[in-house]
Amino acid sequence: MSNAGLREASKAKKDEFYTQLSDIESELKHYREYFKDKVVFCNADDPYESNFFKYFAMNFNFLGLKKLIATNYVGSPIAYTELPLFQKMNSKKPYCAIMSGLTDENHDGAVDLEDVRLVLQKLEADGKISILTGDGDFRSTEAIACLKEADIVVTNPPFSLFREFVAQLEKYGKKFIIVGNTNALTYKEIFALFKENKIRTGYTKFNTGMYFYVPDETEKYHKIDEKGRKMVRVSASCWYTNLEVKKHNEDLILYKKYSPDMYPKYENYDAINVDKFSDIPVDYDGAIGVPITFLDKYNPNQFKIEALGIVGSCNFTKNRRMEILDKKGNPTGKFTMNAKGTLYKKYDSEKDKKPAAFKDVETGELYASIYARVIIRHKSPQRDMI
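I will try to describe carefully the structure that is included in this document. Numbering of residues starts from 1 in every chain and runs along the sequence as written. Per-residue local features are limited, in this predicted model, to residues with pLDDT of at least 70; the limit for side-chain atom pairs, both in listing and counting, is 80 or more; totals at the level of whole chains, interfaces and linings are taken over all residues. The basis for the side-chain values is all heavy atoms of the structure; hydrogens and waters are excluded.

**Here's the deal with the environment of Cys314**
Here is step 1 of the chain: Inspection of the secondary structure assignment puts Cys314 in the loop between strand S15 (303-308) and strand S16 (321-325).
Here is step 2 of the chain: Residue burial is assigned from relative accessible area. The probe radius is 1.4 Å, only protein chains are included, and a residue is buried under 20% of its type maximum, exposed over 50%, and partly exposed in between. Cys314 gets classed as buried once you look at its relative accessible area, which sits at 7%.
Here is step 3 of the chain: For the pair formed by Cys314 and Asn268, sequence separation is 46 residues and the distance between their alpha carbons is 9.5 Å.
Here is step 4 of the chain: Any pair of residues with heavy atoms lying within 4.5 Å of one another is described as a contacting pair. Those residues within four positions of Cys314 in sequence are excluded, and the remaining contacts are Tyr269, Ala307, Leu308, Gly309 and Ile375. Each helix is a run of DSSP H or I of at least 4 residues and each strand a run of E of at least 2, with the numbering of both proceeding from the N terminus.

The following block contains the structure:
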């Protein structure tokens, strides 16, 4: 799904994206050591349908879990896709499932999805799948009670409620591994957590896009899988966690030296612009603006994060009235202040690949637009580099 499509879904609160088991397996295999003897909570993940629940249920013994808790949100749009619902639960009421172990229930010599189905059936018979009085929303009293019991939360929260979901995890001091929109990197609340080293991106290759299952009534989708389920590709998606991720303890290998000609400064902030994190000059001791994708490589031992290059995070040094130019560099008759509240630099017709984006109303000078930048600084710049 394009970013525009994602925004439309978010506005309509129809951001029901369901994660593939293969994507879950690919990411979670890196955290095995953190799950032993822990209570895992799959918040708003229907145990009969969620691939998160399926992953932890099938790997309950392998991971050495203490307990697995799952709650569903009433009216889940995806139904009957994997595990058949039993008579008691086919009314689609909100409920909570608590699993404390997994054995070879059908005695076929293997522990697999069929055993998970039988365990769910037994849990239902034993009253360990209980109907909730609320709607199963993660903000409900019952869901919060489950959260308090949990050690780690693993799920795919609604993208439109990502800020609120993470704020709740922070409030109760919970470890988490969750899927989110990469645009969340620029949310004030989420960016603040990056600055404080309280959140980081996961192991999965950053910002390459993920396919998600969507409800049958979804009109815009990218493909249908072998079981006839609709899927969309969200190009801006990644994993977020507050657990340790090895790549964030590794230094970026840098080799370029600073020169004023190669690294122009912004017009409205005292920092140099770098378009690729691999081009960060190893010897520069001032502020550096890098793409937000840098956060996927960020090592807090190597760099310090100072700000996000947008209004409200940076104290801009200039505030010009500008005319907005179209994609060909032609005037549009529309105006803005300070390049729509972002960083900008002087337009260089020889070096800049795209036409100028803004024109100063008073001076007529042209300026290049800069996408969102993270302002960083070396903790130990290599000034003695040969």
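**Quick notes on the pairing of strand S3 (residues 67-71)**
Here is step 1 of the chain: Buried residues dominate S3, accounting for five of its five residues.
Here is step 2 of the chain: Pairing of strand S2 (residues 39-42) with S3, which is carried by four bridges, proceeds in the parallel orientation. Pairing of Cys42 across the sheet is with Ala70, part of S3.
Here is step 3 of the chain: Paired strands, in this sense, are two strands between which DSSP finds at least two bridges. Sheet topology places S3 next to strand S4 (residues 95-99); four bridges connect them, and they run antiparallel. Each residue of the ladder has a partner; that of Thr71, found in S4, is Cys96.

**As for the sheet that holds strand S1 (residues 18-19)**
Here is step 1 of the chain: Strand order across the open sheet formed by four strands is S1-S9-S11-S10, with antiparallel pairing between neighbours. The open sheet is flanked by S1 and strand S10 (223-224), the only strands paired with a single partner.

**Comments concerning the sheet that holds strand S20 (residues 366-369)**
Here is step 1 of the chain: Taken in spatial order, the five strands of this open sheet run S17-S16-S19-S20-S18, and their pairing is antiparallel. Because the sheet does not close on itself, it has two edges, and the strands there are strand S17 (331-337) and strand S18 (344-346). Across this sheet, the average inter-strand angle for adjacent strands is 35°, counted without regard to direction. Axis definition: a line fit to C-alpha positions, over the contact stretch in the case of helices; interaxial angles, taken between N-to-C directions, run 0 to 180 degrees.

Scope: geometric values only; no functional claims are made or implied.
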